[in-house]
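Structure assessment
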Amino acid sequence: MKVLVIGSGAREHALCRSLSLDPDVTALYCAPGNAGIAEVAELHAVDALDGAAVAALATELGAELVIVGPEAPLVAGVADAVRAAGIPVFGPSKEAAQLEGSKAFAKDVMAGAGVPTARSYVCTTPEEVEEALDAFGAPYVVKDDGLAAGKGVVVTDDLDKARAHANACDRVVIEEFLDGPEVSLFAITDGETVVPLQPAQDFKRALDNDEGPNTGGMGAYSPLPWADPKLVEEVMETVLQPTVDELRRRGTPFSGLLYAGLAITSRGVRVIEFNARFGDPETQVVLARLKTPLAGVLLASANGTLADLAPLRWSDDAAVTVVVASYNYPDTPRTGDPITGLDEIAAQDAPYAYVLHAGTKHDGDAVVSAGGRVLSVTATGTDLTEARARAYTAVARIGLDGSQHRTDIAAKVAAEA
């Protein structure tokens, strides 16, 4: 089949890489893509937020499946426009994507579905903010109601910081702090059947030892040797299936990728947030372990035939991804810096380690930085120790002036395994 992927980040590069290895994919396109994606897919220019433009491009290319990668196009209704053109699309409708587009909407759905989550208040005035902060106390968890590219959440013991973030948002969700480790669990759904993927854990803070500001994610690993073997089954029963059933009951069926951000608390599993698309950087490690060809799975979601799908097959290998970010990220990043070492990694570290591009572009023959998170260096191994070693060996080959990366991705769990 001919497949068109919408987006330009490392998540889309991971999707395109998997699709390029799928024998059923006869042509692979990406719009707008990046310098790395250009090696595995034909790039086309498009405004990813313009549903009519995306649908027109898909029609022109004869695409038989469109995959919408990022959250902003989904919340803007791009999947609806493609569906209206009669083309199968992997990604929820504008209405269903509010599960990510509005924290308040997600809380309402969870309440209706009986899904365990943090107690919360939705606030629109400074007075409501003060009451909510006072009710929960420190550490304060303050979430912008709308999309904020992974940077809309502040968790702090500093009341002034919490108050400032809350009052800078039009509408804000303030909730109780959830203790315990966090887990990302993706599931593919067609609105009825739910197929879970393997869990992963990402690292949100910019600096080692979970210090520094929140980011879109600085690395990830899978599997989770410390997690309860029944975790996926439990989350399916208490979170994923009830949420999909509730959205269908409301007349806004959700098809595509349902991402549950979870806290494994002392009182059990709680949902921190939902996303309506593959997470970045967790996609990089989850897809590295998926053995089932990807295109057929995503097409089954788009066509409503997931119930007929054979069980997914997974590698026993571990995967680790390390994000290399620009100077000054997560504040305004410096861009336009040349990147070296990519050919060396391809020559010396493949197939066990490879580079997925996030914020890159071509400048003549050179590849230069074009965003905050620039590269996701991904590696597999028989265990997390080997996967980590391979990932960091590859990271060491990369030259990018002023770049930064965490040195402790999966370190603690690898040492304990």
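Along every chain, residues carry numbers that run from 1 in the direction the sequence is written. This being a predicted model, a pLDDT of at least 70 is required before a residue's local features are given, and a value of 80 or more before pairs of side-chain atoms are given or counted; all residues contribute to the totals for chains, interfaces and linings. Side-chain metrics rest on all non-hydrogen atoms present in the structure, leaving aside hydrogens and water.

1. Quick word on the overall build of the chain
As a reminder of what qualifies: Here a strand is any run of E in DSSP of at least two residues, a helix any run of H or I of at least four, and the numbering for each starts at the N terminus. We take the radius of gyration over the C-alpha atoms and set the globule estimate at 2.2 Å times the residue count to the 0.38 power. When a residue's accessible area, from a 1.4 Å probe over protein chains only, is under 20% of the maximum for its type it is buried; when over 50% it is exposed; and in between it is partly exposed. Any two residues whose heavy atoms approach within 4.5 Å are treated as being in contact. Here the open area of atoms and residues is found with the Shrake-Rupley method and a 1.4 Å probe, where only the protein chains shown may cover a residue. Two residue types count as positive, namely Lys and Arg, and two as negative, namely Asp and Glu; His and chain ends fall outside the count. Every charge is mapped to an atom, namely NZ of Lys, CZ of Arg, CG of Asp or CD of Glu.
Counting its secondary structure elements, the chain contains 14 helices and 22 strands. Taken against the 2.2 N^0.38 rule, which gives 22 Å for 417 residues, the C-alpha radius of gyration of the chain at 20 Å falls within 12% of a compact globule. In terms of overall dimensions, the chain has a C-alpha envelope of 55 × 45 × 40 Å along the principal axes. Taking all 417 residues of the chain together, 56% fall into the buried category. Contacts spanning at least 24 positions in sequence make up 69% of the contacts within the chain whose residues lie at least 6 apart. A total of about 16600 Å² of accessible surface is found on the chain, and carbon and sulfur atoms cover 49% of it. Distance from the positive charge centre (33 side chains) to the negative charge centre (59 side chains) of the chain: 2 Å.

2. Some thoughts on the state of the cysteines
Formally: The disulfide definition used here is simple: a pair of cysteine sulfur atoms within 2.5 Å.
Scanning the model with the defined rule gives zero disulfides in all. No disulfide involves cysteine 16; its sulfur sits 4.2 Å from the nearest other cysteine sulfur, which is in cysteine 30. Unpaired in terms of disulfides, cysteine 123 finds its nearest cysteine sulfur in cysteine 169, a separation of 10 Å.

3. Side note on unusual backbone geometry
The linkage connecting alanine 138 with the following residue, proline 139, adopts the cis geometry, with an omega of -10°. Within the element layout of this structure, proline 139 appears in the loop between α7 (126-136) and β7 (140-144). For the peptide bond that leads from alanine 350 to proline 351, omega is 0°, which places it in the cis range. Note that proline 351 resides in the loop between α12 (342-348) and β19 (353-357).

4. Overview of the nonpolar core
In a soluble, globular protein the nonpolar side chains are often hidden away together inside. Keep this limit in mind: Only buried residues count toward a nonpolar core. Its members are Ala, Val, Leu, Ile, Met, Phe, Trp, Tyr and Cys residues joined through side-chain atoms within 4.5 Å.
Within the largest apolar cluster, 80 residues are counted, with the highest numbers of intra-cluster contacts made by Leu4, Val66, Leu240 and Val320. Here the element with the most residues in this core is helix α9 (residues 231-249); it accounts for seven residues. Contacts of leucine 4, omitting those with residues within four sequence positions, involve Tyr29, Cys30, Ala31, Leu57, Ala58, Leu61, Ala63, Leu65, Val66 and Ile67. One finds Ala10, Cys16, Tyr259 and Leu356 within the second-largest nonpolar core, a separate group that totals 41 residues.

5. Details of the packing of α7 against helix α8 (residues 159-168)
The line we're drawing: Geometry is summarised by axes, namely lines fitted to C-alpha atoms with helices restricted to the contacting stretch, and by angles between N-to-C directions that run from 0 to 180 degrees. Handedness of each helix crossing follows the sense of rotation of the near helix against the far helix: counterclockwise by less than a right angle gives left-handed, clockwise gives right-handed. Note on residue classes: Ala, Val, Leu, Ile, Met, Phe, Trp, Tyr, Cys and Pro are nonpolar, Asp, Glu, Lys and Arg are charged, and everything else, Gly too, is polar.
Two elements in contact, α7 and α8, have axes separated by 10 Å at closest approach and are oriented at 140°. The interaxial crossing formed by α7 with α8 has right-handed handedness. Listed contacts from α8 to Pro126, Val129, Glu130 and Leu133 of α7 are Leu159, Ala162, Arg163, Ala166 and Asn167. Considered class by class, the residues forming the contact of α7 with α8 number six nonpolar, one polar and two charged.

6. Section: the sheet that holds strand β2 (residues 27-32)
Test applied: Note: two strands are recorded as paired if DSSP finds a minimum of 2 bridges between them.
If you walk across this open sheet you meet the five strands as β3-β2-β1-β4-β5, and the pairing is parallel. Looking at which strands have only one partner, the edges of the open sheet turn out to be β3 (42-43) and β5 (89-90). Looking at chain direction, β2 and β3 are connected through two bridges and run parallel. The residue of β3 that forms the bridge with cysteine 30 is leucine 43. Where helix α1 (residues 10-20) meets the sheet, its contacts fall on β1 (2-7), β2 and β4 (65-68), and the angle it forms with β1 comes to roughly 170°.

7. Quick look at the packing of aromatic side chains
Heads up, the condition is: Ring pairs are drawn from Phe, Tyr and Trp, using the six-membered ring of Trp, whenever the two centres fall within 6.5 Å, and their geometry is named by plane angle: stacked under 30 degrees, edge-to-face over 60, tilted for the rest.
What the rule picks out here adds up to five aromatic pairs. Measuring from ring centre to ring centre gives 5.8 Å for phenylalanine 186 and phenylalanine 278, while their planes differ by 85°; the resulting arrangement is edge-to-face. Of the two residues, phenylalanine 186 is situated in strand β10 (residues 182-189) and phenylalanine 278 in the loop between β17 (268-275) and α10 (282-289); the sequence distance between them amounts to 92 residues. Across the pair, exposure class does not vary: phenylalanine 186 and phenylalanine 278 are buried alike.

8. Observations concerning the environment of proline 223
For proline 223, the position within the fold is in the loop between β15 (219-222) and α9. Note on proline 223: relative accessible area 26%, which makes it partly exposed. Between the C-alpha atom of proline 223 and that of glutamine 201, which follows or precedes it by 22 residues, the distance is 8.3 Å. Look past the residues within four positions of proline 223 in its chain and what remains in contact with it is Pro199, Arg289, Asp317, Ala318 and Leu384.

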